[in-house]
Amino acid sequence: MTNKVALVTGSSRGIGAAIAESLSDAGWAVCINYIERADKAEELAARIRAKGGTCITQQADVADREAVFAMVRRIERELGPVSLLVSNAGIAEQRQFQDIEPAFWQRLFDVNVNGAFHSAQAVLGHMLLEHKGCMIFVSSIWGQHGASCEAAYSATKHAIIGLSRSLSAELALSGIRVNCVAPGVIDTDMVQVLGRETLEQLAGEIPLGRLGRPEEIAHTVRYLAENPYITGQVITVDGGFLV
Ligand code: NAD
């Protein structure tokens, strides 16, 4: 067992998968969490193991508190206590405000905010005991700015930044660092609903001239995981989109 054990929520694909692979390359044993598409999670696990990495895969809806705690107990048994949480699982959908039904609003908060809450509480006990640990929350530029048709998503991502900043203040004395990453438009399945034309238009509005890549978010997460003197920060990775 290693003391470098990471849980990356929502890591069967996209940004989470890139984070899990990058952490494994840096010597972390990783739990790949996903809600569906076990095949994608297993594909990633096979790639990691082929490179000599250690990982397990675990289906769990982060909105389900019991499932999250059960997942963390399994990680503790099979890999060791979680010393790095990357709370990445998230869902998004653009809707005009008047079209947001309460159930839609609730589900976004259940996954994006309550999922982060459950995950952080599930790993915290051991971090407090060890007097060390690191949590990294994945927010969004829409957690720092507002945008039309993003009210629900933006509200959840603002909440994540508030959670992360407040936790960093509360946990620093316990040796636990807490930071946040705020990605811009990253080329994953999540943004494909916008359609190629809109994505190309968006890329044209980004000063660096293109969408971001999942690996570029993973790079930032790894940097935050490895730098022992950074806490309470929100790092924006958006190609200069919103300055
Ligand atoms: P994605 O849709 O490609 O992947 C999301 C992942 O989360 C998948 O592995 C999915 O299985 C998992 N997931 C979804 N709901 C879950 C749940 N309830 N429980 C457990 N896992 C769940 O998305 P992505 O683009 O890789 O986004 C990852 C994170 O980055 C999200 O929090 C998202 O809000 C954030 N983000 C994405 C972008 C972007 O442009 N892609 C920009 C800013 C922030």
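Overview of the structure.

Here we come to helix α6 (residues 196-205). Of all the residues in α6, the buried ones are Leu199, Leu202 and Ala203. One side of α6 carries all its buried residues, which in axial view fall inside an arc of 100°. Exposed side chains of α6 directed beyond 90 degrees from the buried face belong to Glu197, Glu200, Gln201 and Gly204.

Counting buried positions over the eight residues of strand β6 (residues 176-183) gives eight, a clear majority of the element. Of the two faces of β6, the one carrying Ile176, Val178, Cys180 and Ala182 and the one carrying Arg177, Asn179, Val181 and Pro183 are both buried. Taken together, the six bridges between strand β5 (residues 133-138) and β6 define a ladder with parallel strand orientation. Following the sheet pairing, Val138 is matched in β6 by Val181. Assessed by its sense of winding, the connection that carries the chain from β5 through helix α5 (residues 151-171) to β6 is right-handed.

So, about the site of the ligand. As a matter of local geometry, the ligand sits amid 30 residues, with Arg13, Asn88, Tyr153, Ile186 and Thr188 nearest to it. With respect to the ligand, the backbone of Gly184 contributes an N or O atom lying 3.3 Å from an oxygen atom. Interatomic distance of 2.8 Å between a backbone N/O atom of Ile186 and an oxygen atom of the ligand. Out of a free accessible area of 830 Å², the ligand has 95% covered by protein chains. Judged by its atoms lying within 2 Å of the grid points, the ligand is housed in the largest pocket. Elements that contribute at least two residues to the shell around the ligand include exactly α1 (14-25), α4 (102-130) and α5. When its residues are assigned to classes, the shell around the ligand shows 14 nonpolar, eleven polar and five charged.

About the thresholds
Numbering of residues starts from 1 in each chain and follows the order in which that chain's sequence is written. Only residues with pLDDT of at least 70 get local features here, since the model is predicted, and only at 80 or more are side-chain atom pairs given and counted; chain-wide, interface and lining totals rely on the full set of residues. Here the side-chain values reflect all heavy atoms present in the structure, with hydrogen atoms and water set aside. Each residue is placed in one exposure class: buried if its accessible area under a 1.4 Å probe, protein chains only, is under 20% of its type's maximum, exposed if it is over 50%, and partly exposed if it falls in between. What counts as a helix is a DSSP run of H or I of at least four residues, what counts as a strand is a run of E of at least two, and both are numbered from the N terminus. Of all possible arcs, the one meant is that of the directions from the helix axis to the C-beta atoms. Here, strands pair whenever DSSP counts at least two bridges between them. By convention a crossover is right-handed if, when the strands point away from the viewer, the path from the first strand over the helix to the second runs clockwise. Any residue with a heavy atom positioned within 4 Å of a molecule or strand is treated as near that molecule or strand. A 3.5 Å cut-off defines polar contacts: any pair of N or O atoms within that distance qualifies, except that in protein one atom must be a possible hydrogen donor and the other a possible acceptor, and neighbouring residues in sequence count only when both atoms are side-chain atoms. Per-residue accessibility takes into account occlusion by the displayed protein chains alone, with areas from the Shrake-Rupley method and a 1.4 Å probe. Cavity and pocket criteria rest on a 1 Å grid covering protein atoms alone: a 1.4 Å probe that fits but cannot get out defines a cavity, protein on both sides within 12 Å along at least 5 of 7 lines defines an open pocket, and an atom within 4 Å of a point defines a lining residue. In this description, a molecule resides in a pocket or cavity if more than half of its atoms sit within 2 Å of the grid points defining it. Put simply, Ala, Val, Leu, Ile, Met, Phe, Trp, Tyr, Cys and Pro go in the nonpolar bin, Asp, Glu, Lys and Arg in the charged bin, and everything else, Gly too, in the polar bin.

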